[in-house]
Amino acid sequence: MKRKLAVVLTAGLLALSGCAGGLPESGLGADQSQAGDFKYDTPEFFVASIGDRVLFTVDQSTLTTEGMSILDAQASWLLENGAFTALIEGHADEQGTREYNLALGARRASAVQSYLVSKGVADNRLSTVTYGKERPLEICSTEACWSKNRRSVTVVSAGRSS
Amino acid sequence: MRPLLKILTALALLIAGFPVYAQSTNGPLRIEITEGVIEPLPFAAPAFVAENAAARQLADELSQVVVSDLVGSAIFREIPRSAHISGISNFDAPVQFSDWKAINAQALVTGSVSVRADGQIAVKFRLFDVFAQSALGEGLQFVGTRENWRRMAHKVADSVYARLTGENGYFDSRVVFVAESGPKNLRLKRLAIMDYDGANVRNLTDDRSIVLAPRFSPDGTKVLYTSYETGLPRAFVLDLGTMRRKALDELPGMTFSPRFSPDGKSVVMSLSKGGNTDIYLVDVKSGQRTRLTSAPSIETAPSYSPDSRQIVFESDRAGSQQLYIMPATGGEARRISFGKGRYGTPVWSPRGDLVAFTKINKGRFHIGVMRLDGSEERLLTASFLDEGPTWSPNGRVLMFFRETRGANGAPSLYSVDISGRNLKQVPTPGFGSDPSWSGLLK
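Residues numbered from 1 in each chain as written. Chains lettered and ligands numbered in written order. Predicted model: local features only at pLDDT ≥ 70, side-chain atom pairs only at ≥ 80, totals over all residues. Heavy atoms only, no water.

Tallying secondary structure elements over chain A gives six helices and four strands in all. Each helix and strand of chain A, placed in order from N terminus to C terminus, yields the pattern α-α-α-β-α-β-α-β-α-β. For chain A, with 162 residues in total, the buried portion stands at 52%. Summing over all exposed atoms, chain A offers an accessible surface of approximately 7100 Å²; the carbon and sulfur share of this is 60%. (Helix = DSSP H or I, 4+ residues; strand = E, 2+ residues; numbered from the N terminus. Buried < 20%, exposed > 50% of the residue type's maximum accessible area, 1.4 Å probe, protein only. Areas by Shrake-Rupley, 256 points an atom, 1.4 Å probe, with all protein chains shown as cover.)

Right under this line is the structure:
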């Protein structure tokens, strides 16, 4: 209950700040069981059924096999839903310095972008942003959390040009 | 900032009719701080004399700030007022040296404060070598507005520091930093400015967008920082006089880690494009960019040498994050960090002889210093996360931030002498990170 409240607050604050940063987090955590209820051509479906994030190993931006299969699904969805554009966020865990993590996040976002482009998604539908270690998803200070924070998040939205 | 500077006419006036003392035959009282002070020099600072009733409270507060500055440096030790045999009730009366010698005060700081008819405050002070029974240097007077009374105290302390160490002080200075609030997964950040000791905190931005890593201009009138207000990280410059802010340039890309050149006319920063981060030079007036590095690796956190000829930065071109020095015009870089672990956030010392850095090794973070060739590496701190050193104006102290671990982990500002001694927290109202220390104020 407490957690849900925090999620709602988070979304509200982000909306206020006009910051696209953490919105998908709230979407995914909310309720996996509802995934089936979302229409295929909605960002909600993309988050719940395709998977909006890809995880990375420590200090790396190379895609894992698992990451590539998620991105394959993302690419298919994007190709079938041509009215959507995507902003790819790159994130890092807290175990690095601020500037380096910004650069690392940029690298991760770019790796995802390049992969999606290689699968046929038009370059001009994709843009990237790095958050470095500024927006952790999980807040504990162990590998269990860090592994989830080393991520890219593909945020799809209707008609927004990159 | 500018009105403050204008208002404070900290004139170093020679007070007329000042008694002249002979210098001690063994040379003036002096404490050497080259290797870090182990035994601080004992001094006494009786309450400053209030020259009129309006100055009474101020005289006391002002002398407390002087004492706090000197004691805080760990180079000096105060002999508490409770141990004093006599006080100073008349600033111009001859000093009873025997009373101060008896309590083993090697240095004596006396002062007087008056509130003038125009509301300005005048602070006089004298410094004495108790055992030589002589004055150390001339008496000084500082005049300023009431709101700047702490600056006058800092100037007194800086003068005492300079006369007893032979080096410039660092007390009359400010720090810009990121004031943080809120939970760890949704930190709200805003820029704030304060005196070096945490007093007079003032917010510089709201917390609607993420802001990072502010850096003072050399003259202290502007602050560079990174803001997400356009949705992407972007280098901004804020004028502290007008409080106007603008993006450093209009060209595309994510820009961050900006830092001024020593003449303040240009900025070095990082630009991320297509996943590759390189270092660029931006002319502040024209906004024109010049690329300084072109490698597929990460190049970031550039910092100029004080003579403007070289830039120290971090790069992972050799596989992991390490420190390099290149000519200020770009070109071949030499690696300077060779120890175990990763090195980042290099900052050239104001004296030009050292580079301060963050080191990450085996899951621990350290603040350290090394020579320009990487030799004599000294780690000054260790914790779960210590990051982002900034130099005191005189190059004797580093401020940085320390973040605690866990779900409730949060950052605070700390300072440590480059000897590794005198580690202490710098008070801020909430969480604090990314400090940048100004030069001595004018």
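The next point concerns the nonpolar core. The nonpolar side chains of a soluble globular protein tend to be buried with one another. Counting residues in each nonpolar core, the largest one holds 55 residues, and the members touching the most others are B:F48, B:F76, B:V113 and B:L164. A per-element tally of this core places helix α4 (residues 149-165) of chain B first, with eight residues. Those residues in contact with B:F48 that lie beyond four places of it in its chain are B:A59, B:L62, B:S63, B:V66, B:V109, B:T110, B:G111, B:S112, B:V113, B:V123 and B:V156. Grouped together as the second largest cluster of nonpolar side chains are 20 residues, A:F46, A:I50, A:F56 and A:F84 included. (Core = buried A, V, L, I, M, F, W, Y, C linked by side-chain atoms within 4.5 Å. Contact = heavy atoms within 4.5 Å.)

A few words on the side chain of A:H91. Residue and element names in this part refer to chain A. Topologically, H91 is positioned in strand β2 (residues 84-91). Among the polar contacts listed, one links the side chain of H91 to the side chain of E89, at a separation of 2.7 Å. Ignoring anything within four residues of it in the chain, the contact list for H91 reads G105, R108, Y131, G132, R135, N149, R150, R151 and V153. (Polar contact = N/O pair within 3.5 Å; in protein donor to acceptor, adjacent residues only side chain to side chain.)

Attention now moves to the sheet that holds strand β28 (residues 397-403) of chain B. Residue and element names in this part refer to chain B. Spatially, four strands are ordered β27-β28-β29-β30 in an open sheet, and the strand pairing comes out antiparallel. Bordering the open sheet on either side are β27 (386-391) and β30 (424-426), each of which pairs with just one other strand. On average, adjacent strands in this sheet sit at an angle of 35° to one another, irrespective of strand direction. The pairing of β27 with β28 spans four bridges and is classified as antiparallel. Within the sheet, the bridge partner assigned to E387 lies in β28 and is F401. (Pairing = 2+ DSSP bridges. Axes fitted to C-alpha atoms, helices over the stretch in contact; angles between N-to-C directions.)

Residue and element names in this part refer to chain A. Here the structure, examined in full by the defined rule, presents one disulfide over all chains. There is a disulfide in this structure between C140 and C145, and the S-S distance comes to 1.9 Å. In this structure the cystine formed by C140 and C145 twists about its S-S bond by roughly 120°; its chirality is therefore right-handed. Overall, C140 belongs to the partly exposed group, its relative accessible area being 24%. (Disulfide = S-S within 2.5 Å.)

For the rest of this paragraph, the subject is unusual backbone geometry. Residue and element names in this part refer to chain B. Despite not being glycine, A301 shows a phi value in the positive range, around 55°. When you line up the elements, A301 lands in strand β19 (residues 299-304). Residue D434 is not a glycine yet carries a positive backbone phi of 50°. Mapped onto the elements of the fold, D434 is located in strand β31 (residues 431-437).

Once that is clear, we can look at the interface of chain A and chain B. The interface is formed by 32 residues belonging to chain A together with 43 residues belonging to chain B. Both sides together, the interface formed by chain A and chain B hides about 3300 Å², and carbon and sulfur atoms give 58% of it. The three residues of chain A that bury the most area against chain B are A:R98, A:E99 and A:Y100, which together make up 20% of that side's buried surface. Put simply, chain A and chain B have six salt bridges between them. Between B:D434 and A:R98 there is a salt bridge, with its nearest N and O atoms 2.9 Å apart. At the surface where chain A touches chain B, the tally comes to 18 residue pairs in polar contact (both at pLDDT 80 or more). Top element by residues in the side of chain A that touches chain B is helix α5 (residues 98-118) of chain A. It accounts for nine residues. The residue makeup of the side of chain A that touches chain B, split by class, is 14 nonpolar, 10 polar and eight charged. (Buried area = accessible area lost by both parts, 1.4 Å probe. Salt bridge = Lys/Arg side-chain N within 4 Å of Asp/Glu carboxyl O. Nonpolar A, V, L, I, M, F, W, Y, C, P; charged D, E, K, R; others polar.)

A word on the sheet that holds strand β4 (residues 151-158) of chain A. Residue and element names in this part refer to chain A. On the basis of which strands lie adjacent, the open sheet formed by four strands has the order β1-β4-β2-β3 and mixed pairing. Only two strands of the sheet have a single neighbouring strand rather than two, namely β1 (53-55) and β3 (126-132). Ignoring which end each strand starts from, the neighbouring axes of this sheet average 20° apart. Here seven bridges tie β2 to β4, and the two strands are oriented antiparallel to one another. When the bridges of β4 are listed, A86 appears paired with V156. The strands touched by helix α4 (residues 65-80) within the sheet are β1, β2, β3 and β4, with β1 carrying the most contacts at an inclination of about 160°. Contacts from α5 reach β2, β3 and β4, with the element oriented near 155° to β3.

Residue and element names in this part refer to chain B. Within strand β9 (residues 188-195), six of the eight residues are buried, which leaves it mostly tucked inside the rest of the structure. With antiparallel pairing between neighbouring strands as the criterion, strand β8 (residues 174-181) and β9 make up a hairpin whose turn holds six residues, including G182 at a positive phi of roughly 90°. Both β9 and strand β10 (residues 202-203) contribute to a ladder of two bridges, which runs antiparallel. Note on β10: the bridge partner recorded for A192 is N203. What sits between β9 and β10 in their antiparallel hairpin is a turn of six residues, with G198 showing a positive phi close to 95°.

Turning our attention to the environment of A:R107. Its location among the elements puts A:R107 in helix α5. Each C-alpha atom, one on A:R107 and one on A:T130, is 8.3 Å from the other, the two residues being 23 residues apart in sequence. Contact partners of A:R107, with chain neighbours within four places excluded, come to A:S61, A:Y100, B:G275, B:P296, B:S297, B:I298 and B:D316.

Bringing the packing of helix α3 (residues 43-51) of chain A against α4(A) into the picture now. A pair of packed helices is captured by two measures, namely the crossing angle of their axes and the spacing between those axes. All names here are of chain A. Running from N to C, α3 and α4 cross one another at 145°; their axes reach a closest spacing of 10 Å. Seen from above, α3 lies across α4 with right-handed handedness. Side by side, α3 and α4 meet where F45, F46, I50 and G51 of the first sit next to I70, A73, Q74 and W77 of the second. Tallied by class, residues from the contact of α3 with α4 come to six nonpolar, two polar and no charged. (Left-handed = near helix turned anticlockwise from the far one by under 90°.)

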